Amino acid sequence: MADEIVLLSSWPSMFGMRVKVALAEKGLKYEYREEDLRNKSPLLLMMNPVHKKIPVLIHNEKPISESMIIVDYIDEVWNHKSPLLPTDPYQRAQARFWADYVDKKLFDIGKKIIWSTKGEEETGKKEFIECLKLLEGELGDNPYFGGENFGFVDVSLVTFSCWFHTYESYGNFSIETECPKLVAWTKRCLEKESVSSSLADPHKIHNFASGVRKRLGIE
């Protein structure tokens, strides 16, 4: 019996894109269902009754929530191809640590740049650059955060890259100037079909953010 895989997400979500990248890395076919987050579907509310958030992966009618938990699940269930987590327990713990760091820091700091009122974006910009520099230091001279191979931390961070243009636009800074190695890493990741086919267009993201800002009365 073939696996039935359904992904509930929203196209601008860097969290949903993580799941798309992981599924593409494994070569898995799935049904994608776009969610309107201002009018959430009964299926989303049923499959994620606790947080009522995307993304949700439904595998053979069983739901899994939270993007990196989903990525971990995908890696464990379909372990025949493109492993995302290392086999060494310590390295695996380190990968989970840095993915957790991205989850706890980057999104919330980025919100200060894009969704805050005038003046607050300066604080957000400073914190955002500091966060990226720390991640760049962890990357070092390696091709990927997983060393020679694209892996768990790469999946967690690379989907933010399609938002970089928007962060730069509203924060008035250049990520390439501040973190050239990280931008080179981004370009390297985008050479992978699993990444390039899963990420949203940066200009489309910017237009989306601009529309939300107008709706919120920021622009």
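Residues numbered from 1 in each chain as written. Predicted model: local features only at pLDDT ≥ 70, side-chain atom pairs only at ≥ 80, totals over all residues. Heavy atoms only, no water.

Things to note about the pairing of strand 2 (residues 31–34)
Then, number 1: Sheet topology places strand 1 (residues 5–9) next to strand 2; four bridges connect them, and they run parallel. Across the sheet, residue Leu7 finds its bridge partner in strand 2, namely Tyr32. (Pairing = 2+ DSSP bridges. Helix = DSSP H or I, 4+ residues; strand = E, 2+ residues; numbered from the N terminus.)

So, helix 1 (residues 14–25)
Then, number 1: An ideal rise of 1.5 Å per residue puts 16 Å on 12 residues; helix 1 measures up with 16 Å between its terminal C-alpha atoms.
Then, number 2: Three or more residues of helix 1 are buried, namely Met14, Phe15, Gly16, Met17, Arg18, Val19, Lys20, Val21, Ala22, Leu23 and Glu25.
Then, number 3: Where helix 1 begins, the side chain of Ser13 points an oxygen toward the backbone nitrogen of Phe15, at a separation of 3.2 Å.
Then, number 4: One or two residues past the end of helix 1 sits Gly27, with phi positive at roughly 70°. (Expected span 1.5 Å × (residues − 1). Buried < 20%, exposed > 50% of the residue type's maximum accessible area, 1.4 Å probe, protein only. Polar contact = N/O pair within 3.5 Å; in protein donor to acceptor, adjacent residues only side chain to side chain.)

Observations regarding the side chain of Ser198
Then, number 1: Within the secondary structure, Ser198 sits in the loop between helix 10 (193–196) and helix 11 (202–216).
Then, number 2: For Ser198, the residues in contact, after removing those within four places along its chain, are Met17, Lys20, Val21 and Ala24. (Contact = heavy atoms within 4.5 Å.)

What about the sheet that holds strand 2?
Then, number 1: One open sheet accounts for four strands, arranged 2-1-3-4; its pairing is mixed. In this open sheet, the two strands that pair with only one neighbour each are strand 2 and strand 4 (62–65). Across the sheet, the mean angle from the axis of one strand to that of its neighbour is 20°, orientation sign disregarded.
Then, number 2: Seen against the sheet, helix 1 touches strand 1, strand 2 and strand 3 (56–59) and runs at an angle of roughly 155° to strand 1. (Axes fitted to C-alpha atoms, helices over the stretch in contact; angles between N-to-C directions.)

A closer look at the state of the cysteines
Then, number 1: By the definition in use, this model includes zero disulfides.
Then, number 2: With no disulfide of its own, Cys162 lies closest to Cys189 among cysteine sulfurs, the gap being 12 Å.
Then, number 3: On the basis of relative accessible area, Cys189 is assigned to the buried category, the value being 0%. (Disulfide = S-S within 2.5 Å.)

Concerning the packing of aromatic side chains
Then, number 1: Considering all chains together, one arrives at 12 aromatic pairs under this definition.
Then, number 2: When the centroid spacing of 5.9 Å and the interplanar angle of 90° are considered together, the rings of Tyr144 and Phe150 count as edge-to-face.
Then, number 3: On the basis of relative accessible area, Tyr144 is assigned to the buried category, the value being 13%.
Then, number 4: Relative accessible area serves as the criterion here: at 6%, Phe150 is assigned to the buried category.
Then, number 5: A centroid spacing of 6.4 Å and a plane angle of 35° characterise the contact between Trp163 and Tyr167, whose relative ring orientation is tilted. (Phe/Tyr/Trp six-rings, centres within 6.5 Å; stacked < 30°, edge-to-face > 60°.)

A few points about the pattern of salt bridges
Then, number 1: Going through the model one piece at a time under the given rule, you end up with 13 salt bridges.
Then, number 2: A salt bridge links Asp100 to Lys104; its shortest N-O distance comes to 2.8 Å. Taken as a pair, Asp100 and Lys104 lie in helix 4 (residues 89–114) at a separation of four residues, close to a single helical turn.
Then, number 3: Here Lys133 ties to Glu178 by a salt bridge, and the two come within 3.7 Å at their closest N and O atoms. You can see Lys133 sitting in helix 5 (residues 120–139) and its partner Glu178 sitting in helix 8 (residues 175–178), a full 45 residues away along the chain.
Then, number 4: Overall, the relative accessible area of 38% leaves Lys133 in the partly exposed class.
Then, number 5: Its relative accessible area of 29% is what places Glu178 among the partly exposed residues. (Salt bridge = Lys/Arg side-chain N within 4 Å of Asp/Glu carboxyl O.)

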